[in-house]
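Close look at the chain arrangement
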Amino acid sequence: MSQAVQVPPEFQETEEMEEWEKKLENQREDILIPQGVISDYFRWKTFMEDEVEFWEVGGTWHTKPHCARVLLLSLLIGNEYHLPKKEINALAMASVFHDSRRKTEWYDVSHGQRAADYYREYCGTHPLPFDERTYLVMAGHDRKDEEWEAKIREELPDDRYVVFLYRIFKDADALDRFRLGKGGLDVNYIRTLKAKTMVLFAKHIWLATPEKVFEEQADRRRDRRRRARAVK
Ligand SMILES: [Fe+2]
Ligand SMILES: [Fe+2]
């Protein structure tokens, strides 16, 4: 990160990032998803299924299964950075609304703004708390980082998390680009260190589905407990 960033000092990762870029093979394929992340995933996924209406675009790239994977990835990255619950929820809300107002599967540069407006409107008529950070993150998720980060800083100059939330969210969205086929994901565009280590894990989530990954992990936890009992 060359530019001074408005993120909490504990999240500055410039040196580590440079190190990581030297060795792109630094992938963690066996991330154990915490139970808290799994519970949040199901809570927000159910909310999306029941409450969020997606415009029909006649394709499968940006439908609810994509948003569910982005939800899991953003919860996971947020958890890895030990973000507070309010910030985790801000990411979750962005995930479940962000592609709901597309007009086409292809290039559609204002779908982020339309989804953000839908989210604001929804909060005005339902008991879902409106978070300005979610609104901004979503509104600009189809914009260029530099341009939108400047806008965010201008809008919320005192918020220590908002730019970081934007980066995490865009990384979670980018990590699901395997679905777009060969060349869909360029890892050089991934922003945060934690997301950079999850590229292959994200591919596995896409291939297997989040629910299947949870089952695999439950099996592994059971095996581990069995082995631990056998050692005693
Ligand atoms: Fe989008
Ligand atoms: Fe998306």
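Residues numbered from 1 in each chain as written. Chains lettered and ligands numbered in written order. Predicted model: local features only at pLDDT ≥ 70, side-chain atom pairs only at ≥ 80, totals over all residues.

**Examining the nonpolar core**
This is how the line gets drawn: The term nonpolar core refers to a group of buried residues, namely Ala, Val, Leu, Ile, Met, Phe, Trp, Tyr and Cys, whose C-beta atoms join them within 7 Å. Neighbour counting defines burial: a residue surrounded by 20 or more other C-beta atoms within 10 Å of its own C-beta is buried, one with 12 or fewer is exposed, and intermediate counts give partly exposed, using backbone-placed C-beta atoms. In this text, helices come from DSSP runs of H or I with a minimum length of four residues, and strands from runs of E with a minimum of two, each type numbered from the N-terminal end. The contact criterion used here is simple: two residues whose C-beta atoms, placed from the backbone, lie within 7 Å are in contact.
Grouped together as the largest cluster of nonpolar side chains are 50 residues, with contacts concentrated most on Leu 71, Leu 91, Met 138 and Leu 165. Of all the secondary structure elements, the ones that give two or more residues to this core are helix H2 (35-51), helix H3 (64-80), helix H4 (85-97), helix H5 (111-125), helix H6 (132-139), helix H7 (145-155), helix H8 (162-175) and helix H10 (199-208). Looking at this core element by element, the count peaks at 10 residues for H8. Ignoring sequence-local partners within four residues, the contact set of Met 138 consists of Ala 94, Phe 97, His 98, Gly 112, Ala 115, Ala 116 and Tyr 119.

**Here we look at H6**
Burial within H6 is extensive, with 7 of its 8 residues counted as buried. What H6 keeps buried is the set Arg 133, Thr 134, Tyr 135, Leu 136, Val 137, Met 138 and Ala 139. Buried residues along H6 sit in contact with H4, H5, H7 and H8.

**Overview of the packing of H10 against helix H11 (residues 210-231)**
Put simply, the test is: Lines are fitted to the C-alpha atoms to define the axes, a helix being fitted only along its stretch in contact, and any angle between axes, read from their N-to-C directions, falls within 0 to 180 degrees. Oblique is the label for any angle not under 35 degrees, not over 145, and not in the 65 to 115 range, which are roughly parallel, roughly antiparallel and roughly perpendicular in turn. All residues other than Ala, Val, Leu, Ile, Met, Phe, Trp, Tyr, Cys, Pro, Asp, Glu, Lys and Arg, Gly among them, are scored as polar; the first ten of these are nonpolar and the last four charged.
At a closest axis distance of 6 Å, the pairing of H10 and H11 adopts a crossing angle of 110 degrees. By the angle between their axes, H10 is roughly perpendicular relative to H11. Along the contact surface, H10 presents His 204, Ile 205 and Ala 208, while H11 presents Pro 210, Lys 212 and Val 213. Among the residues forming the contact of H10 with H11, the class breakdown is 4 nonpolar, 1 polar and 1 charged.

**Some details on the environment of Gly 36**
You can see Gly 36 is positioned in helix H2. Residue classification places Gly 36 among the exposed positions, given that 12 C-beta atoms sit within 10 Å. Separated by 39 residues in the primary sequence, Gly 36 and Leu 75 have C-alpha atoms spaced 9.5 Å apart.

**Some thoughts on the packing of H3 against H4**
This is how it is decided: Crossing handedness is read from the near helix: turned anticlockwise from the far helix by less than a right angle, it gives a left-handed crossing, and turned clockwise, a right-handed one.
Contact pair H3 / H4: the axes reach a minimum separation of 8 Å and the direction vectors enclose 165 degrees. With respect to H4, the axis of H3 lies roughly antiparallel. The interaxial crossing formed by H3 with H4 has right-handed handedness. Note on element contacts: H4 touches H3 through Glu 87, Ile 88, Leu 91, Ala 92, Ser 95 and Val 96, opposite Cys 67, Val 70, Leu 71, Ser 74, Leu 75 and Gly 78. Partitioned by chemical class, the residues of the contact of H3 with H4 number 8 nonpolar, 3 polar and 1 charged.

**A word on the environment of Leu 75**
With respect to the helices, strands and loops of the structure, Leu 75 is situated in helix H3. Overall, the presence of 27 C-beta atoms within 10 Å leaves Leu 75 in the buried class. Along the backbone, Leu 75 and Ile 168 are 93 residues apart, and their C-alpha atoms lie at a distance of 9.4 Å. Each residue touching Leu 75, except ones within four places of it in the same chain, is listed here: Val 37, Asp 40, Tyr 41, Ile 88, Leu 91 and Ala 92.

**Overview of the confidence of the model for the chain**
Convention followed: Each residue gets a pLDDT score, which is the predictor's confidence in that residue and runs from 0 to 100.
With 89% of its residues at a pLDDT of 70 or more, the chain has an overall mean of 89. Here residues 1-6 is modelled with pLDDT under 50, and outside its nearest four sequence neighbours on either side it reaches 5 contacts, counting other chains as well.

**Comments concerning unusual backbone geometry**
Located in the positive-phi region is His 82, a residue other than glycine, with phi close to 55 degrees. Its location among the elements puts His 82 in the loop between H3 and H4. Classification of His 82 as exposed rests on a count of 10 C-beta atoms within 10 Å. One non-glycine residue with positive phi stands out, namely Thr 209, at about 85 degrees. With respect to the element layout, Thr 209 can be found in the loop between H10 and H11.

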